[in-house]
Structure formats: structure tokens, C-alpha cells
Amino acid sequence: MNSSVIYIPNSTNSIPTHPSSLFPQVSKCKSIRHLTQLHASFIKTGQIHDPLAAAEILRFSSLSDYREIDYAYKVFRRMHRPNCFSWNTIIRAFAENGEDEKAIMGILLFCEMLDHGFVRPNMFTFPSVLKACAETGRVEEGKQVHGMVVKFGLDGDEFVISNLMRMYAVCGVMEDTNSLFCKNIVEDVSRVIDGKKEESNIVLWNVMVDGYVRQGSFNQARKLFDEMPQRSVVSWNVMISGYAQNGNFKEAIDMFYEMQMGELPPNYVTLVSVLPAISRLGALEVGKWVHLYAEKNGIEIDDVLGSALIDMYSKCGSIEKAIQVFGRIPRKNVITWSAMIGGLALHGRAIEALDCFQRMNQAGIKPSDVVYIGVLSACSHAGLVQEGRELFNHMINVVGLEPRIEHYGCMVDLLGRAGFLKEAEEFIMNMPVKPDDVIWKALLGACKMHQNVEMGKRVAKKLMGMTPHDSGSYVGLSNLYASLGNWEAVAGVRLKMREMDIRKDPGCSWIELDGAIHEFVVEDEFHPQAKEIHSMLEEISEKLRLLDYRPNTTQVLLNMDEEDKESALHYHSEKIAVAFGLISTSPGTPLRIVKNLRVCEDCHASMKLISKIYKRRIVVRDRKRFHHFKNGLCSCNDYW
Ligand code: ZN
Ligand code: ZN
């Protein structure tokens, strides 16, 4: 996605098109089959000997929406002494194909062009070659191309320069990017006469900012961004997508807000870039705003933006809206389908997810491996063991997809949860890929669920050997002992953890109010309203007690690293977020909370009661799935 943000377009007119009026039939082709028919008739009538006719055929098969690179290559090879236009066409087709081998082929074709010596490369040749070097990380070749640029006197061409800089930036050689930047920016400033020059300056600035973002040097990127004499929408998009893709979700959204205060309105790319960050934080209000903004400003909700919206709505807890958006996308691609299926799975709507999967097949869309992760996890959440087994086999034997570790993980989860522990363990033993800790943890969780100590110990030992400093295996094992009431064993595990200085991942929850994200950690005392929140928590505890609710002590004991604070006052972050939500919103407002870990049994049970006592819908997204609490019940039916 990053590359699409800072993509320096070979602007549509950068490769001059031959006057298509000469061969209007070619431009009118609607498929590669049409083209081959036309091609055949050109050969029959001898028209193919007209270099313009051949060039048109080449252009269509290389760069049109219906391009087919192997065909284009054959056409090119049959050309007698192709001119510069045709060389540029075929090089660009290979360079921008998106596959490494093809890109390298583009570089080789460029070398061949130079060797032939019949035609000189021009300003349209280099950007494609540089793109190929960038995409394949071939900085040595890129440097040689740089030499050629100088040799052919094109080092004053801003389009070529920006592509050179981008090549160095993508390859991570920021010194070279920077020296080109300094050289050209300074020269440019001295040449600024009208506003126009300024624009090319912005492109160079953008490449620099993008380079630092790619390196993960956000401070430097931000500093440069702030120093920019003038910004374009691309400048903003680079920062927003950079933050979003590197896990700085809050920064991405803050930047998006900041952008709205300026004069440059967000565009299609901005929305596509910020939506994943919104999804991750569960910031439904911001997400809704983005959706509305697109509709109001005539930004087309196509398959890409639509898929991002579906993902956002389902991850922000509003599966109904996700379904609505899905229904309105005219041309759904495989990502659209997989966003919908994944969303339904996340909400535990297994039957609908499977139904959606079937409709996808009927629509003739070949499912991707991501789609299978969606359907398999749907089966796992709903305990549909047989369906899951069949889908898994179908994926391998009929569709011909190689299962990834995630698919094996889904299967272990599915079998384990449903109580087929032996089968799950055998499944792991027979996996062709090395099982990772996620898979063993899934089995360990299942051992706890079905109270199988023997296997649990075995699995935990394995895990501790694999990732000795990860708290997961210890916590899992102590959960298992605790569920059996074996406190001595729990204490043993704790001691071991302390000896090895292993700490549990801190729990963290978010709640969104009026577009602002509030973040809470265990025992949060730093919030400006900490006092009010605390009395609300006490009120909740009191009301729960009146309902004869006893805190699940097995869970309380799990917060090993917080044991000093261990008492009735010990609240998990999601409870704090709920208390804050209750005091900050008007009665009846649903509360939406995102939690970074899985919700524990005690919190789950309390949430059910809180939803009943306070007559609120509470939607909690934990690391695995959604829980919709309403009137004392949860959508997961306590199977999670
Ligand atoms: Zn909890
Ligand atoms: Zn639940």
C-alpha cells in the first residue's frame, strides 16, 4: 500500500499514445481474445507490417486493463527493430507488473535496449527501469541506471529525478536520496518563477518523507513534514498510511484530524489509508464519519474502499452496517468477500459466514487463503467441527491451496475447543510445517477448557522450551491448574515465573467517546476522571454483590505480576472502560470497547450482568472475537 501512496504516476500521457484513430478497433477491444482475433486479421491482411499497427497491438496487450504480459512479449519479439516507444512499452509492462521476476525481466530488457544501440532511452524509459530496481531492492543496478541517467543528460528531468530518489528511498539508502534531494531542491528554488515549480518540489519532499516512513524513522519523517514549505494531499497520505501500517494507530487518526483542519481535503487514498487504523482501535464514530465523507464528496466506494469500510464496520462492532456496505458494492473482488466473511466470523455468525462463502463460490470468485481463515475460524467459534474438516480438505484437495500456519491454527482451535483433544494433538504432530507457539497455545487453552491436565502439562512444557520468556505458556498452565482448584500448582508456576522474571502482557482497553479514544490499563489511576471512575467501579461491585455474584477467584489470581494490588479493588482494563463509559454517556447509549487480550471469565460474567443492571448494550472486541452483551446474555453463548 505504501508504494501506491507515493507512487509517482507515469502520468497517463507520459508515454505518448499513437493516434488511435488510425486503429480504432484496437482501443475498442474488450478482452485479450478480441485482440488476438484482431491481431490475426491484421496478419492476414498484411496490416501488421505497419509499425503503428504492431505498436498498437503491443500497447494494448501490455498496458490496457486487459493486458497479458506473455502475449505482449511475443508481439514485441516479432517486431522488426522496435522503436523507443515500443521498448518503453514493453519495459514498463514488465517493470510495473508487480512480480519480482517480471520486474527483473524489465531491467534485462533495458540492458538489451542499450546493447542494441539502435534507439536511445529517453525520459520515459528511466522511471520504469528505476521502479523495477526499487521493487526488487536492486540498489546496485539502480546506481548503474543512475549513471546512465547522467550519461544521457537526463539528470535535470524532475520526473526522472523523483523516480531516482524514490528508488534509493525504497532501497533504504537515505543518504543518496538526501543528496539528490538537496541538490535538486536548491536548484529548483532558484528556478521558481511561478507556482508550478513548487509542485515538483513537493514531489521531492514527499519522496523524502516517504523514505523516512519506510525506515520507520517517524520522528525524522514528521520533522520533515512539518518543515515542508507546501504540502500536497500525498504528503498527508504518506504520513497517515505510514503511521497506520506501522502500528501507530492513534497517531494516524490524530494526523487525519489535523488534516481536516487544513485546506487540503482528504481524498480516496487518505480514506483507504486511515480506515485500517480506525478498525484496529475500534473507533466507530471516526469510521462512520469517513463513510459519510466519502458519500457526501462523491468519492466512489469501489471494491477497495468498500472492503476497507466493511472491515472497519465489522471490527468496530457494527456488523449490520458492514453487511449494508457489502450489499452496495457493485463489483466485489476477493478482498471484499473475504472482509465480509471475516467480519461475520468475528461476530460469531458462522452460518451467515458459510452462506456468504457459498455465494462467493457461486459468483465464480476463487477463494483466497485468507477467505479460508475466515470460514475456518467461523466454524471454530460455532463448534462446527465436521464443516471445518470438510472445508480444510476442500481447500487443499479441490482448490489446491497450500495451507499456511494460520489454517493449521484454526483447525487445532476448532478440534480443541470442541473437545477432540487427541485428534488436535495428532493433527499438530502430523503438520508438514513446524507448529508455532500460537498453535500450541490454542491446544493449551483447549486443555484448560476440557480440564485435561496430562496433556496440558505436556503442551506447556513444549511451549516453555520454544519461547522460554513468553508469559503465555505459564499463564495457560496456571489457568489450567486454577480451574481445577490446584492452588499449590498455581503457586509453583508463579514462583517459576518470578524466578525467570517473566511478566504477563499488560491488559489494555479502549473506548471511544465523541470521536476521542480513551485508553485504560489495569488499575488505571492516571485518567483525569480517575476518582469518578473508581466510585462507579465500586457501585458496580456493590450491585453485582446484591445479585449474589461472586467474583471468579481463579481469574483474580491470574494477575500474577500485580499481586500486591490483588484484592476486590483489582479491576481489569475492560471493566474500567465500562465504568468510564457508564458515567460519560447518556442512559441507553451502547458502549463499545476494544481489548488487546482475551476477555477473562470473570469480566465476561460481570459484563453480562452489567448489561442487564444498567440496560446497556456492551460490545467488547477482544483479541479473538466480538462479544455482544445484552440484557444479561452474550452473543457468544459463553463459547469463546
Ligand atoms: Zn477480566
Ligand atoms: Zn461472550
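These numbers come from a predicted model, not from an experiment.

**Remarks on the overall build of the protein chain**
A tally of helices and strands in the protein chain yields 33 helices and six strands. Along the first, second and third principal axes, the C-alpha atoms of the protein chain reach 90 × 60 × 50 Å. The buried share of the protein chain, taken over its 640 residues, is 52%. Across the protein chain, contacts joining residues at least 24 apart in sequence account for 66% of those joining residues at least 6 apart. When the accessible surface of the protein chain is totalled, it reaches about 30,200 Å², and 53% of it is carbon and sulfur. For the protein chain, the separation between the mean place of its 73 positive charges and that of its 78 negative charges on side chains is 4 Å.

**Quick notes on the confidence of the model for the protein chain**
Across the protein chain, pLDDT averages 86, with 91% of residues at or above 70. Across residues 9-21, confidence stays below pLDDT 50; counting only partners more than four residues off in sequence or on other chains, it has 23 contacts. Taken as a whole, residues 556-569 scores under 50 in pLDDT and shows 25 contacts with residues more than four places along the chain or in a different chain.

**Re the sheet that holds strand β2 (residues 516-521)**
Ordered in space as β2-β1-β3-β4-β5-β6, the six strands form an open sheet in which the pairing is mixed. Across the chains shown, the open sheet's two edge strands, defined by having one partner strand only, are β2 and β6 (633-634). By the bridge criterion, four bridges tie strand β4 (residues 618-621) to strand β5 (residues 626-630) in an arrangement that is antiparallel. Along β5, the bridge assignment pairs V619 with H628.

**Examining the side chain of E512**
Relative to the assigned elements, E512 resides in strand β1 (residues 508-513). The buried charged residue E512 lacks any salt bridge, with R592 as its nearest oppositely charged partner at 6.7 Å. Within the structure, the side chain of E512 is placed 2.7 Å from the backbone nitrogen of L284, a separation counted as a polar contact. Within the structure, E512 has its side chain in polar contact with the backbone nitrogen of E285 (distance 2.9 Å). When neighbours within four sequence positions are excluded, E512 is seen to be in contact with G282, A283, L284, E285, V286, I517 and R592.

**Let's talk about the coordination of the zinc ion (ligand 1)**
Distances from the zinc ion (ligand 1) to its protein donors, H572 (ND1), C600 (SG) and C603 (SG), fall at 1.8 to 2.2 Å. Between consecutive donor residues of the zinc ion (ligand 1), the sequence gaps follow H-x27-C-x2-C. Note on C603: relative accessible area 0%, which makes it buried.

**A word on helix α25 (residues 421-429)**
Three or more residues of α25 are buried, namely L421, A424, E425, F427 and I428. The arc enclosing the buried residues of α25, seen along the axis, measures out at 155°, which places them on a common side. If you follow the buried residues of α25, they end up packed against α23 (385-399), α24 (405-417), α26 (437-449) and α27 (453-466).

**Thoughts on the nonpolar core**
Counting 172 residues, the largest nonpolar core has I278 and L443 as its most contacted members. Other than its neighbours up to four places away in sequence, I278 contacts I253, A283, V286, G287, V290, M312 and C316. Formed by 26 residues, the second largest nonpolar core is a distinct cluster that contains F520, I533, Y549 and I610.

**Some details on the state of the cysteines**
Per the counting criterion, the structure on display carries zero disulfides. Between C447, a cysteine without a disulfide, and C410, which holds the nearest cysteine sulfur, the sulfur-to-sulfur distance is 18 Å. Among the residues examined, C447 registers a relative accessible area of 0% and is labelled buried.

**Some points on the coordination of the zinc ion (ligand 2)**
Around the zinc ion (ligand 2), the protein contributes the donor atoms H604 (NE2), H627 (ND1), C634 (SG) and C636 (SG), at 1.9 to 2.3 Å from the metal centre. Note that the zinc ion (ligand 2) binds four donor atoms; their angles at the metal cover 103 to 117°, and the shape is tetrahedral. Here the donor residues of the zinc ion (ligand 2) are spaced in sequence according to H-x22-H-x6-C-x1-C. Taken individually, H627 and C636 each receive the classification buried, so the pair is uniform in this respect.

**Describing the pairing of β2**
Summarising the sheet, β1 and β2 pair through six bridges and their orientation is antiparallel. Within β2, the position partnered with E512 by the bridge is I517. As consecutive antiparallel partners, β1 and β2 are separated by two residues, and within that stretch D514 has a phi angle of approximately 50°, a positive value.

**Quick notes on the packing of aromatic side chains**
Within the structure shown, the criterion is met by 16 aromatic pairs. When the centroid spacing of 5.6 Å and the interplanar angle of 70° are considered together, the rings of F110 and F126 count as edge-to-face. Taken together, the residues F110 in helix α7 (residues 100-116) and F126 in helix α8 (residues 125-136) connect sequence positions 16 residues apart. F110 gets classed as buried once you look at its relative accessible area, which sits at 3%. The side chain of R389 reaches across the aromatic face of F420, ending 5.3 Å from its centre.

**Regarding the pattern of salt bridges**
Summed over all chains, the structure comprises 28 salt bridges. The shortest N-O distance in the salt bridge between K441 and D437 comes to 3.4 Å. In this pair, K441 and D437 both sit in helix α26, four residues apart, roughly one turn of the helix. Using a relative accessible area of 29% as the deciding quantity, one classes K441 as partly exposed. Because the salt bridges share partners, they merge into one network encompassing R92, E96 and K131.

**Observations regarding the environment of K575**
Following the sequence through the fold, K575 ends up in helix α32 (residues 573-584). Relative accessible area serves as the criterion here: at 12%, K575 is assigned to the buried category. Setting aside residues no more than four positions away along its own chain, K575 makes contact with L537, D602, C603, S606 and M607. Within the local environment of K575, its side chain forms a polar contact with the side chain of D602, the two groups lying 3.2 Å apart.

**Focus on empty space enclosed by the protein**
Enumeration over the complete set of coordinates arrives at two cavities of 30 Å³ or more. For the second largest cavity, the calculated volume is near 40 Å³. Residue lining of the second largest cavity: G282, K315, C316, R592, I593, V594, V619, R621 and F626, and that is the complete set. Secondary-structure elements contributing two or more residues to the lining of the second largest cavity are β3 (591-595) and β4. In terms of residue count, β3 provides more of the lining of the second largest cavity than any other element does, three residues in total.

What counts, and at which threshold
- Residues numbered from 1 in each chain as written.
- Chains lettered and ligands numbered in written order.
- Predicted model: local features only at pLDDT ≥ 70, side-chain atom pairs only at ≥ 80, totals over all residues.
- Heavy atoms only, no water.
- Helix = DSSP H or I, 4+ residues; strand = E, 2+ residues; numbered from the N terminus.
- Buried < 20%, exposed > 50% of the residue type's maximum accessible area, 1.4 Å probe, protein only.
- Contact = heavy atoms within 4.5 Å.
- Areas by Shrake-Rupley, 256 points an atom, 1.4 Å probe, with all protein chains shown as cover.
- Lys, Arg positive; Asp, Glu negative; His and termini not counted.
- Charge placed at Lys NZ, Arg CZ, Asp CG, Glu CD.
- pLDDT = per-residue confidence, 0-100.
- Pairing = 2+ DSSP bridges.
- Salt bridge = Lys/Arg side-chain N within 4 Å of Asp/Glu carboxyl O.
- Polar contact = N/O pair within 3.5 Å; in protein donor to acceptor, adjacent residues only side chain to side chain.
- Donors = N, O, S within 2.8 Å, 3.2 Å for Na, K, Ca; no water.
- Arc of directions from axis to C-beta.
- Core = buried A, V, L, I, M, F, W, Y, C linked by side-chain atoms within 4.5 Å.
- Disulfide = S-S within 2.5 Å.
- Tetrahedral: all angles 85-135°; square planar, octahedral: opposite > 155°, others 65-115°.
- Phe/Tyr/Trp six-rings, centres within 6.5 Å; stacked < 30°, edge-to-face > 60°.
- Lys NZ or Arg CZ within 6 Å of the ring centre and 35° of its normal.
- 1 Å grid on protein atoms, 1.4 Å probe; cavity = no way out; pocket = protein on both sides within 12 Å on 5 of 7 lines; lining within 4 Å.
- Points joined across faces, edges and corners; volume = space filled by probe spheres on them.

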